[in-house]
Amino acid sequence: AGESSEAEGAADCSDCPVGTYKGAGEGPCIYCPVGRFTDADGQSECKLAPAGTFVDVTGSSETKSCPPGTISEMASHNCTDCGIGEYSGEGASSCIACGAGESSNSTGAAECEPCQPGTYKPAGKGPCIDCPAATYTDEKGQSACKLAEPG
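Quick caveat: nothing in here was measured; it's all calculated off a predicted structure. (Residues numbered from 1 in each chain as written. Predicted model: local features only at pLDDT ≥ 70, side-chain atom pairs only at ≥ 80, totals over all residues. Heavy atoms only, no water.)

1. Let's talk about the pattern of salt bridges
So, step 1. Here the structure, examined in full by the defined rule, presents four salt bridges.
So, step 2. The salt bridge partner of Lys64 is Asp56, with a shortest N-O separation of 3.2 Å.
So, step 3. The exposure class of Lys64 is partly exposed, given its relative accessible area of 42%.
So, step 4. Lys146 serves as the salt-bridge partner of Asp138, at 3.2 Å between the closest nitrogen and oxygen. (Salt bridge = Lys/Arg side-chain N within 4 Å of Asp/Glu carboxyl O. Buried < 20%, exposed > 50% of the residue type's maximum accessible area, 1.4 Å probe, protein only.)

What follows is the structure, encoded as structure tokens:
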């Protein structure tokens, strides 16, 4: 396993190169599919790309880290954006919800930002929310709105 005789009638076998594998039996080396890789010669199977990384080409000898604001599961061929109200660092396998009074205002964010005056947000996913009528926030980063004084 992990070896192939490329030439017909060859007397000896050579190790399959990185990015390829060969199971038991005769035949050529096979390129690893997307989401998988080999990083050493002579492999009998491809490794799964770990969570937080991806392999987007066949025959790869390495993985790439997901950029900040994105995540991946094991054996991925791409990374997925975190949702609004979530963020992630480089090479993440899961998004983190923004804290109370902050949100990411777009998908694929690398960090959360404080909600602007006039808006609020409880802890968890989602965007900053406009304060309802007769309530307000006068500072950034608020988790609840205040009641307006009558008058």
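Past the structure itself, the notes keep going.
2. Comments concerning the state of the cysteines
So, step 1. Under the defined criterion, the tally for this structure stands at seven disulfides.
So, step 2. Between Cys115 and Cys128 runs a disulfide, and the two sulfur atoms are separated by 2.1 Å. Looking along the S-S bond of the Cys115-Cys128 disulfide, the torsion reads about -85°, which is the left-handed sense. Taken together, the residues span a long stretch of sequence, with Cys115 in the loop between strand 14 (113-114) and strand 15 (119-120) and Cys128 in the loop between strand 15 and strand 16 (129-130) at a distance of 13 residues.
So, step 3. Classification of Cys115 by relative accessible area gives buried; the value is 0%.
So, step 4. Owing to a relative accessible area of 22%, Cys128 belongs among the partly exposed residues under this scheme. (Disulfide = S-S within 2.5 Å. Helix = DSSP H or I, 4+ residues; strand = E, 2+ residues; numbered from the N terminus.)

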